[in-house]
Every structure is written in C-alpha cells, then in structure tokens.
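Reading the structure
Letter by letter, the chains look like this.
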Amino acid sequence: MKLTSVQIKRQDFVDNAIFDLIKTVNPTGEDINWDIEMIGEIRDVVGEWMVERLKITDEKDFYPWVEE
C-alpha cells in the first residue's frame, strides 16, 4: 500500500510547519539546515500531544503513514 497524494501533502505540510517553527523561534541570526531527524523528533512530540493528550485527532490523520 502507498500513501495517497493527499497524505503526502499532509506529511509535507506538517514537516514544513515544524521547520518554519524552528526557524521562527531561533533567537540567533544563524541559518538552520533542514534536518529530518530533528523535525521527526519534534513531530513525534507534537503528535503525542495531538493524539494522546488532547485527543483531537488520530495518529494517521496527524501524520499519515503506511504499515510495512
């Protein structure tokens, strides 16, 4: 099974929003390079809040994925 184009767009949206947040809260003038490991760790924390604590969405709606 593959992700749909809508699901891929959602993944891109979430990853880009997290990267934008990182750049926005950066108190220095230094550039921050795209780092999917960093983005993924932050995404996991945000996802946990959205899914487990706030209970406003499920895991696959927050960040779609397919089981291998």
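Throughout what follows, the structure given in this document is the object of discussion. This one's a predicted model, so the numbers in the text were calculated from it and none came from an experiment.

Cut-offs and rules
Residues numbered from 1 in each chain as written. Predicted model: local features only at pLDDT ≥ 70, side-chain atom pairs only at ≥ 80, totals over all residues. Heavy atoms only, no water. Helix = DSSP H or I, 4+ residues; strand = E, 2+ residues; numbered from the N terminus. Axes fitted to C-alpha atoms, helices over the stretch in contact; angles between N-to-C directions. Parallel < 35°, antiparallel > 145°, perpendicular 65-115°, else oblique. Contact = heavy atoms within 4.5 Å. Nonpolar A, V, L, I, M, F, W, Y, C, P; charged D, E, K, R; others polar. Buried < 20%, exposed > 50% of the residue type's maximum accessible area, 1.4 Å probe, protein only. Core = buried A, V, L, I, M, F, W, Y, C linked by side-chain atoms within 4.5 Å. Polar contact = N/O pair within 3.5 Å; in protein donor to acceptor, adjacent residues only side chain to side chain.

**Some words on unusual backbone geometry**
You will see that K55, though not glycine, has its phi angle at about 55°, which is positive. Checked against the element boundaries, K55 lands in the loop between α2 (36-53) and α3 (59-62).

**Quick notes on the packing of helix α1 (residues 5-25) against α2**
It is at 10 Å that the axes of α1 and α2 come closest, and there the two elements cross at 100°. The pairing of α1 with α2 is recorded here as roughly perpendicular in orientation. Judged by residue contacts, V14, D15, I18, F19 and I22 of α1 engage I36, M38, I39, I42 and R43 from α2. When grouped by side-chain class, the residues that make up the contact of α1 with α2 number eight nonpolar, no polar and two charged.

**Thoughts on the environment of P27**
Here P27 shows up in the loop between α1 and α2. Since its relative accessible area comes to 80%, P27 is described here as exposed. P27 sits 23 residues away from T4 along the chain, and the two C-alpha atoms are 37 Å apart.

**Some details on the nonpolar core**
Counting seven residues, the largest nonpolar core consists of V14, I18, F19, I22, I39, F62 and Y63. A total of four residues in this core trace back to one element, the largest contributor, which is α1. Not counting chain neighbours up to four residues away, the residues in contact with Y63 comprise Q11, V14, D15 and R43.

**Re the side chain of R43**
Structurally, R43 can be placed in helix α2. A distance of 3.3 Å separates polar atoms of two side chains, one belonging to R43 and the other to Y63. Filtering out sequence-adjacent residues up to four positions away, R43 remains in contact with V14, D15, I18, I36, F62 and Y63.

**Considering the environment of D44**
Take D44: it is sitting in helix α2. When its relative accessible area of 53% is taken as the criterion, D44 is described as exposed. Residues D44 and I8, 36 residues apart in the sequence, show an inter-C-alpha distance of 17 Å.

So yeah, pure geometry; function would need other evidence.
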